[in-house]
Amino acid sequence: MPYVILTALLLLLAWAPSLWVRHVLRRHGAERADLPGTGAELARHLIERLGLDGVTVERTDPFRDHYDPATRTVRLSPDHHDGRSLAAVAVATHEIGHAIQFARDEPLSRLRSRWLPLANALKRTGILILTALPIIAIVLKAPAAMLGVVVLSLLLQLAGALAYLIVLPEEYDASFVKALPILKGGEYVAEGDLPAVRRVLQAAAWTYFARALGDLVNIGRWAMIVLRR
């Protein structure tokens with residue numbers, strides 16, 4: 001019974017940050033006729049205004065908003081690409097904040113280039129090892145060796161999750177050093193909407209943290225299963 005309760009608490013901890021981020025985005029995702037344009041229109045306007053030559057904007061999957069430095073593309077989910085809402089405006093400006101970081105070759109922008117590919121590679125490798133566990137068990141035929149393989153997989157996933165946390169300063173810079181000053185001027189959102197905009201920018205900044213925490217808790221759950229055996 002305690003194990004079931006602990007597992008439930010871990011799952012709640014894993015999902016809570018992501019659910020909070022989605023709640024904030026949905027709460028401020030209502031269409032607003034008083035806003036000058038959609039998220040995509042604002043992003044393209046800022047690209048031109050800030051001289052971010054070569055940066056483009058395109059639609060992506062829901063909750064997959066990001067800036068791709070390799071192709072210099074701001075990718076916005078359908079609600080933020082086509083929506084005329086505070087969430088769309090704030091998220092679009094946050095991603096433009098990342099484009100500014102890379103255009104200026106700021107030290108923070110190098111965190112993403114250096115660590116995110118490594119984080120993804122470590123995580124994929126760890127998951128691949130777990131997926132291949134039945135085959136590995138047939139080959140090794142040794143419980144101690146199998147335990148070592150599982151521990152290696154968990155360590156790789158743990159390293160990948162921690163690498164995600166390294167980019168948190170870059171996310172906060174994109175939200176509160178780059179995006180917020182742009183939106184504070186009153187040209188795009190009214191002053192009375194700034195508290196809501198701040199909440200959306202905070203949610204955008206914590207997206208990678210929420211993902212990393214979910215990974216860490218999932219790793220902890222696997223570790224508990226291994227230790228019980």
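Preceding this section is the structure that the text describes.
Please read all numbers here as calculations on a predicted model, not as lab measurements. Within every chain, residues take consecutive numbers counted from 1 along the sequence as written. Owing to the predicted nature of the model, reporting of local features is limited to residues with pLDDT of at least 70; listing and counting of side-chain atom pairs is limited to 80 or more, with chain, interface and lining totals taken over all residues. The side-chain figures draw on all heavy atoms in the structure; neither hydrogens nor water molecules are used.

*Asks:* What is the right way to read the environment of Trp115 from this model?
*Replies:* Elements are defined by DSSP. Helices are runs of H or I of four residues or more, strands are runs of E of two residues or more, and each kind is numbered from the N terminus. By the secondary structure assignment, Trp115 is in helix 5 (residues 107-131). For the exposure calls, accessible area comes from a 1.4 Å probe over protein chains only, and a residue counts as buried if that area is under 20% of its type's maximum, exposed if over 50%, partly exposed in between. By relative accessible area, which is 29% here, Trp115 ends up partly exposed. Once the C-alpha coordinates of Trp115 and Val167 are considered, the two residues, 52 residues apart in sequence, prove to be 7.7 Å apart. In what follows, residue pairs with any heavy atoms lying within 4.5 Å of each other are defined as contacts. Residue contacts for Trp115: discarding those within four places in its chain leaves Ala163 and Ile166.

*Asks:* Please explain a nonpolar patch on the surface as it appears in this structure.
*Replies:* Patch membership requires more than 30% relative accessible area and the absence of a salt bridge. Residues of like charge join within 9 Å; the nonpolar side chains Val, Leu, Ile, Met, Phe, Trp and Tyr join within 5 Å. Using a 1.4 Å probe, the Shrake-Rupley method yields the accessible areas, and only the shown protein chains count as cover for residues. Any carboxyl oxygen of Asp or Glu within 4 Å of a side-chain nitrogen of Lys or Arg constitutes a salt bridge here. A surface patch of nonpolar side chains, about 400 Å² in accessible area, is lined by Leu147, Val151, Leu155, Leu158 and Leu162. The residue Val151 is located in helix 7 (residues 143-166) in this model.

*Asks:* Any chance you could explain the pattern of salt bridges here in plain terms?
*Replies:* A side chain of one charge can pair with a side chain of the opposite charge when the charged atoms of the two come close. Tallied over the entire structure, the rule returns nine salt bridges. For Asp82, the salt bridge identified is with Arg59, shortest N-O distance 3.0 Å. In this pair, Asp82 sits in helix 3 (residues 78-82) while Arg59 sits in strand 1 (residues 56-59), placing the two residues 23 residues apart along the sequence. A relative accessible area of 40% means that Asp82 is categorised as partly exposed. Across the pair Arg104 and Glu106 runs a salt bridge, and its minimum N-O distance is 3.6 Å. The exposed category is assigned to Arg104, whose relative accessible area is 57%. According to the relative accessible area criterion, Glu106 is buried, its value standing at 15%. Taken together, the shared-partner salt bridges in this structure form one network comprising Arg104, Glu106, Asp173 and Lys178.

*Asks:* Before we go on, may I ask you to explain unusual backbone geometry in this structure?
*Replies:* Generally, phi is negative for residues other than glycine and the peptide bonds are trans, each holding for most cases. In this model, Phe63 sits at a positive phi of 60°, which is unusual for a non-glycine residue. Secondary-structure assignment places Phe63 in the loop between strand 1 and strand 2 (66-68). Relative accessible area serves as the criterion here: at 31%, Phe63 is assigned to the partly exposed category. The backbone of Asp105 shows a phi angle near 55°, a positive value even though the residue is not glycine. Relative to the helices and strands, Asp105 resides in the loop between helix 4 (86-103) and helix 5.

*Asks:* Just checking my understanding: could you explain the packing of helix 4 against helix 9 (residues 194-205) for this structure?
*Replies:* Geometrically, a packed helix pair is captured by the angle between its two axes and the distance between the axes. The contact between helix 4 and helix 9 brings their axes to 9 Å, and the two run at 50°. In this view, helix 4 runs oblique relative to helix 9, as classed from their interaxial angle. Crossing of helix 4 against helix 9: the hand is right-handed. Counted together, Leu86, Ala87, Ala90, Val91 and His94 of helix 4 and Ala196, Val197, Val200, Leu201, Ala204 and Ala205 of helix 9 form the full contact between these two elements. When the residues that make up the contact of helix 4 with helix 9 are grouped by side-chain class, the tally is ten nonpolar, one polar and no charged. Only the stretch in contact is used when fitting a helix axis, every axis being a line fitted to C-alpha atoms; angles between N-to-C directions are given from 0 to 180 degrees. Roughly parallel covers angles under 35 degrees, roughly antiparallel covers those over 145, roughly perpendicular covers 65 to 115, and oblique covers all other angles. In a left-handed crossing the near helix is turned counterclockwise from the far helix by less than a right angle, and in a right-handed crossing that turn is clockwise. Ten residue types, Ala, Val, Leu, Ile, Met, Phe, Trp, Tyr, Cys and Pro, are classed as nonpolar, four, Asp, Glu, Lys and Arg, as charged, and the remainder, Gly among them, as polar.

*Asks:* Looking at this structure, I do not really get the packing of helix 5 against helix 8 (residues 168-184). What am I missing?
*Replies:* Contact geometry for helix 5 and helix 8: axes closest at 9 Å, N-to-C directions at 130°. Taken together, the axis directions place helix 5 and helix 8 in an arrangement best described as oblique. In this structure, helix 5 meets helix 8 at a crossing whose hand is left-handed. Of the residues in helix 8, those in contact with Leu108, Ser109 and Arg112 of helix 5 are Pro169, Glu170, Glu171 and Asp173. Grouping the constituent residues of the contact of helix 5 with helix 8 by class yields two nonpolar, one polar and four charged.

*Asks:* What exactly am I supposed to notice about helix 2 (residues 39-49) here?
*Replies:* Within an α-helix, residues lying three or four positions from one another point in the same direction, as the helix has 3.6 residues per turn. Among the residues making up helix 2, those that are buried are Gly39, Ala40, Leu42, Ala43, Leu46 and Ile47. The buried residues of helix 2 all sit within an arc of 160° when viewed along its axis, so they share a single face. Along the arc lie the directions from the helix axis toward the C-beta atoms.

*Asks:* Just checking my understanding: could you explain the sheet that holds strand 1 for this structure?
*Replies:* Hydrogen bonds along the backbone pair up the strands of a sheet, which may run parallel or antiparallel. With mixed pairing, three strands are arranged side by side in an open sheet as 1-3-2. The open sheet has two edge strands with one neighbour each: strand 1 and strand 2. Each neighbouring strand pair of the sheet contributes to a mean axis angle of 25°, computed without reference to strand direction. At least two bridges found by DSSP between two strands is the condition for calling them paired. Two elements, strand 1 and strand 3 (residues 73-76), share four bridges in a ladder whose sense is parallel. Counted as the bridge partner of Arg59 is Leu76 from strand 3.

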